[in-house]
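Residues per chain are reported as follows:
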Amino acid sequence: MNATLALMGNPNSGKTTLFNALTGARQHVGNYPGITVEKREGRLALGGLDINVVDLPGTYSLTAYSQDELVARDFLVNKRPDAVVAVLDATNLERSLYLVTQILELGTPLIIALNMMDEVRRKGVGIDTARLAAMLDTPILELVARTGEGCDTLLGEAARLVHGPKKRAPLHISYGRDLDETLEKMQDIIEAACFLENRYPARWLALKYLENDPAILLQGAAEPETHERLLGATHSLAAHCRKTLNADPEALIADYRYGYITALLKDGIVTRPDTQTRRDFTDKLDAVLTHRLAGPVLMFAIIYAMFMLTFSLGEYPMGLLESFFGWLGDTATNLLPEGLVASLVVSGVIDGVGGVLGFTPLIMVMFFFLSFLEDSGYMARMAYMLDRVFRMFGLHGCSVMPFIISGGIPGGCAVPGVMAARTLRSPREKIATVLTAPFLSCGAKVPVFLLLAAAFFPGSGAAALFWITAAGWVAALLAARVLRSTLIRGEATPFVMELPPYRLPTLRGLCLHTWERVWQYVKKAGTVILAISILLWAAMTFPGPSAERTAMFEAQRAAIQAPSWDNDAARVDALAAIDNAEVQDALRVSVAGRVGTALEPVSAPLGFDWRTNIALLGGFAAKEVIVSTLGTAYSLGEVDPEDSGGLSARLVADPAWNMWTAVSLIAFVLLYAPCFVTVAVIGREIGWRWAAFSVGFNTALAYVVSMGIYQVGIAL
Amino acid sequence: MTTTLSLRAMQVDQTGVIAAVNATGELGRRIRDMGLVPGTPVTVIGRAPLKDPVALRLRDFTLTLRSNEADFIVVGVDPLEDRP
């Protein structure tokens, strides 16, 4: 037999910690179909039952307006779990009970789990759970999810509930004379018409009408006659309340719910010590961490430290992975006969997927720290401190993390950056953040900047990098401002946000969160990225050089092989020069080369020739490719992005290049289409139309800016 | 004697009791869901480095909102005693 157990609760109430404690490794994360709200499910064997445990998104209320809350409510109402565990932060009982009363009004079988009882006890607060349980007619258990204390009792209670009846009598709260009268009248209408009755209790439905719940009103409109009668009752009550009490029914409902909770907790359910120290640990920490002057300084220090750690810790495993893929490539080269298959496997599959998987350690470390900042409660403080600045650009305080990860400090990566935008609950600000984060100077763009800076601004690489980073910020913020006042126009989303108490996250929770995200990234690398790598490989390989060109290079080689050469080193150099010339020749006639050449009229106003065009096309695959493709195109063979001295010298010497070409290219690389991994992630997070928009918009912006720079530059 | 003023006008460390929440729609719902309903005692515990948003303590937890959102909340406060 199967059963479903849903975990519900406020954000930061420890739901996920409990979920991890209950299900251990037998869990998986996905998205709810069509939206990016995360869906965690796990299995649990309990008294002969196979129980599916679902961790619903954190929610403060069943009156749904955000996607998270809608998901939580729809699951409760439509999927009808066999039992619900409401996970409550016991240190914050009053507000947590607001959600509980709403679940009870729905009549779902419920267990209340009072989490974080260790903190409650430490503060000397007493909660009379037995009496509260009797008053609510609901089992209440004390729990410390972090240590697993109370989990067994919870499971026992859950087993009992799952075997019991699927419904209980809904809680009946009085909402005052005016509202109660109307509610009863509406209940009669609903019951007489059997209106949506299979799904919701009549009184709950009437309450949703009074609360103007958009999702319920939409469902109700399918039965116009009853819908109109209910709306009529709602409107006349609303008019009455506004006249007599100067308040909306929905406000009154909330007031009465809190009134009910206050009454519940009165007379000794919660006892506090007489000398309660208001300034607990969190307040002391906040006095420093959100201090007017020290707060921002510490915030920058923390971000900087996180960045340094990410890259120094990520470097070693990244090197190992790179060597592994290098070894894999060499092995494949040795095993496979020379030819197209070998080229496809080595250059297309291994290099392409390897280049993306090589980032995995960085993403892993980055997400580990990110989870720590989030789970510890510090992320909310960062949003709080920076909200004022970001709001000027139509963003939200929570946009800061995605920006920094994407390359707010040189060396980031837009892939985890875009994924980090999930912490934004407001759709408009989230879209603006996701679309503008790729403007920041990610780690893969940095070698291009360093190459060009070294070539054309010798000795000032660091300064150049600083200004380029600053330019990335300016571009991202201004673009956000523009987008928010045009395409994604709309009111700023309210910043009504909780600052949760600081808590030390569990290592297990951090590892699970990190693993979930890394796995999503790896899966992407194995599918979309593999396909695009192969396509790009094909574009740069076919059609191969004509037979006479190949014969010509063969003849040149044969001439060198002739015994007239007595200097081995010179012969090797000469052979390498011919090989490089052949590679360049092959590239020029390939599809990519032809496209690059065909684009010359378009790219000429920016100062780019066909070789730069191919490099930029390759850069759409991954920005790292830009330097190596330029190397190939300038017949230098393979160029290591980390060591591009030879290429720098070649570019300076080339008559097609000057300082303004370099600046124009820097601007273009900074701004143009995000790499395809990022595009894939954007598509999944906010939709494929926005992903396509991002490619078009960024490239158009890059084009205009670069053209401006180049044209003004050469005119000077 | 108790006077009423907008939450925005309250000073750090000042305590009062919410008299009315005038926000409607999504903002109003969000504010009420978080427990800002008439009769609730609130204390302003801090402001962000740029003076906005404001951090509040109520019902054993900390909440932040922007000043333009605080405008909708009317609080009854006791006059400040001898504040420097």
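Residues numbered from 1 in each chain as written. Chains lettered and ligands numbered in written order. Predicted model: local features only at pLDDT ≥ 70, side-chain atom pairs only at ≥ 80, totals over all residues. Heavy atoms only, no water.

### Looking at the overall build of chain B
Phase 1 of the analysis: For chain B, the helix and strand inventory stands at two helices and six strands.
Phase 2 of the analysis: Ordering the α and β elements of chain B from the N terminus gives β-β-α-β-β-β-α-β.
Phase 3 of the analysis: Radius of gyration (C-alpha) of chain B: 12 Å, near the 12 Å computed for a compact globule of 84 residues.
Phase 4 of the analysis: Across its three principal axes, chain B shows a C-alpha extent of roughly 40 × 30 × 25 Å.
Phase 5 of the analysis: The burial tally for chain B puts 55% of its 84 residues in the buried class. (Helix = DSSP H or I, 4+ residues; strand = E, 2+ residues; numbered from the N terminus. Rg over C-alpha atoms; globule rule 2.2 N^0.38 Å. Buried < 20%, exposed > 50% of the residue type's maximum accessible area, 1.4 Å probe, protein only.)

### A closer look at the environment of A:Glu374
Phase 1 of the analysis: Counting through the fold element by element, A:Glu374 comes out in helix 15 (residues 360–376).
Phase 2 of the analysis: Discounting chain neighbours no more than four positions away, the residues touching A:Glu374 are A:Met379, A:Thr423 and A:Arg517. (Contact = heavy atoms within 4.5 Å.)

### Points about the packing of aromatic side chains
Residue and element names in this part refer to chain A.
Phase 1 of the analysis: Inspection of the entire model under this criterion finds 15 aromatic pairs over all chains.
Phase 2 of the analysis: When the ring of tryptophan 690 is compared with that of phenylalanine 693, the centres are 5.4 Å apart and the planes differ by 90°; the resulting orientation is edge-to-face. Here tryptophan 690 pairs with phenylalanine 693, and both are found in helix 32 (residues 688–715), just three residues apart, close to one helical turn.
Phase 3 of the analysis: Between phenylalanine 693 and phenylalanine 697, the ring centres sit 5.2 Å apart and the planes meet at 15°, which makes this aromatic pair stacked. Linking phenylalanine 693 with phenylalanine 697, this pair stays in helix 32, spanning four residues, or about one helical turn. (Phe/Tyr/Trp six-rings, centres within 6.5 Å; stacked < 30°, edge-to-face > 60°.)

### Quick look at the interface of chain B and chain A
Phase 1 of the analysis: Taken together, the contacts link 33 residues of chain B with 42 residues of chain A.
Phase 2 of the analysis: Each partner contributes to the roughly 3500 Å² buried at the junction of chain B and chain A, and carbon and sulfur atoms together form 52% of this total.
Phase 3 of the analysis: Three residues stand out in chain B for area buried against chain A, namely B:Arg29, B:Asp33 and B:Arg66, and they jointly supply 21% of the buried area on that side.
Phase 4 of the analysis: The partner of B:Asp52 in a salt bridge is A:Arg391, and the shortest N-O contact between them spans 2.5 Å.
Phase 5 of the analysis: Our enumeration of links across chain B and chain A arrives at 15 residue pairs in polar contact (both at pLDDT 80 or more).
Phase 6 of the analysis: Those elements that provide at least two residues to the side of chain B that touches chain A are helix 1 (25–33), strand 3 (41–47), strand 4 (54–58), strand 5 (61–65) and helix 2 (67–70) of chain B.
Phase 7 of the analysis: By residue number, the principal contributor to the side of chain B that touches chain A is helix 1 of chain B, which donates seven residues.
Phase 8 of the analysis: Of the residues contributing to the side of chain B that touches chain A, the split by class is 14 nonpolar, six polar and 13 charged.
Phase 9 of the analysis: Alignment of strand 10 (residues 497–499) of chain A against strand 5 of chain B, held across three bridges, turns out to be antiparallel. Bridge pairing in strand 5 of chain B links A:Met497 to B:Thr64. (Buried area = accessible area lost by both parts, 1.4 Å probe. Salt bridge = Lys/Arg side-chain N within 4 Å of Asp/Glu carboxyl O. Polar contact = N/O pair within 3.5 Å; in protein donor to acceptor, adjacent residues only side chain to side chain. Nonpolar A, V, L, I, M, F, W, Y, C, P; charged D, E, K, R; others polar. Pairing = 2+ DSSP bridges.)

### Here we look at the pairing of strand 4 of chain B
All names here are of chain B.
Phase 1 of the analysis: Burial analysis of strand 4 places five of its five residues in the buried class, which makes it a mostly covered element.
Phase 2 of the analysis: Here strand 4 shows no split at all, with Val54, Leu56 and Leu58 on one side and Ala55 and Arg57 on the other all buried.
Phase 3 of the analysis: When strand 3 meets strand 4, the two strands line up antiparallel, connected through four bridges. Along strand 4, the bridge assignment pairs arginine 47 with valine 54.

### A closer look at the side chain of A:Asn698
Residue and element names in this part refer to chain A.
Phase 1 of the analysis: Within the element layout of this structure, asparagine 698 appears in helix 32.
Phase 2 of the analysis: The exposure class of asparagine 698 is buried, given its relative accessible area of 1%.
Phase 3 of the analysis: Setting aside residues no more than four positions away along its own chain, asparagine 698 makes contact with Leu435, Pro438, Phe439, Leu671, Tyr672, Ala673, Pro674 and Phe693.

### Section: the sheet that holds strand 1 (residues 3–6) of chain B
Sheet strands line up and pair through hydrogen bonds in the backbone, either parallel or antiparallel.
Phase 1 of the analysis: As summarised here, the arrangement of the seven strands in space is 10(A)-5(B)-4(B)-3(B)-2(B)-6(B)-1(B), forming an open sheet in which the pairing is antiparallel. Each edge of the open sheet carries a strand with a single partner, namely strand 10 of chain A together with strand 1 of chain B. Direction aside, neighbouring strands of the sheet carry axes that sit 40° apart on average.
Phase 2 of the analysis: By the bridge criterion, three bridges tie strand 2 (residues 15–21) of chain B to strand 3 of chain B in an arrangement that is antiparallel. Paired with B:Thr15 across the bridge in strand 3 of chain B is B:Thr43. (Axes fitted to C-alpha atoms, helices over the stretch in contact; angles between N-to-C directions.)

### Examining the side chain of A:Arg257
Residue and element names in this part refer to chain A.
Phase 1 of the analysis: Turning to its location among the elements, arginine 257 is positioned in helix 11 (residues 249–265).
Phase 2 of the analysis: Arginine 257 gets classed as buried once you look at its relative accessible area, which sits at 1%.
Phase 3 of the analysis: Within the structure, arginine 257 has its side chain in polar contact with the side chain of tyrosine 175 (distance 3.2 Å).

### Regarding helix 21 (residues 461–484) of chain A
Phase 1 of the analysis: In this model helix 21 of chain A runs 34 Å from its N-terminal to its C-terminal C-alpha over 24 residues, within 8% of the 34 Å that 1.5 Å per residue would give.
Phase 2 of the analysis: Considering only its buried residues, helix 21 of chain A is in contact with helix 17 (400–408), helix 19 (427–436), helix 20 (446–456), helix 30 (659–671) and helix 32 of chain A. (Expected span 1.5 Å × (residues − 1).)

### Section: helix 11 of chain A
All names here are of chain A.
Phase 1 of the analysis: For helix 11, with 17 residues, the first-to-last C-alpha span of 24 Å sits near the 24 Å given by 1.5 Å per residue.
Phase 2 of the analysis: Within helix 11, 12 of the 17 residues are buried, which leaves the element mostly enclosed by the surrounding structure.
Phase 3 of the analysis: Listed in full, the buried residues belonging to helix 11 are Pro249, Glu250, Ala251, Leu252, Ile253, Ala254, Arg257, Tyr258, Tyr260, Ile261, Leu264 and Leu265.
Phase 4 of the analysis: Aspartate 267 lies just past helix 11 and shows a positive phi near 30°.

### Notes on a negative patch on the surface
Phase 1 of the analysis: A surface patch of like charges, here negative, comprises A:Glu181, A:Glu184, A:Asp188 and A:Glu191.
Phase 2 of the analysis: Structurally, the position occupied by A:Glu181 is in helix 7 (residues 176–193). (Patch = residues over 30% accessible without salt bridge, like charges linked within 9 Å, V, L, I, M, F, W, Y side chains within 5 Å. Areas by Shrake-Rupley, 256 points an atom, 1.4 Å probe, with all protein chains shown as cover. Lys, Arg positive; Asp, Glu negative; His and termini not counted. Charge placed at Lys NZ, Arg CZ, Asp CG, Glu CD.)

### Describing a nonpolar patch on the surface
Phase 1 of the analysis: A surface patch of nonpolar side chains, about 330 Å² in accessible area, is lined by A:Val591, A:Val595, A:Leu599, A:Val602 and A:Leu617.
Phase 2 of the analysis: Tracing the backbone through its elements, the reader meets A:Val602 in helix 26 (residues 600–603).

### A short note on the environment of A:Thr699
All names here are of chain A.
Phase 1 of the analysis: Its location among the elements puts threonine 699 in helix 32.
Phase 2 of the analysis: The sequence separation of threonine 699 and glycine 268 amounts to 431 residues, and the corresponding C-alpha distance is 65 Å.
Phase 3 of the analysis: The residues touching threonine 699, leaving out its near neighbours within four places in the chain, are Phe668, Tyr672 and Ala673.
Phase 4 of the analysis: Only 3.4 Å separates the side chain of threonine 699 from the backbone nitrogen of alanine 673, close enough to count as a polar contact.

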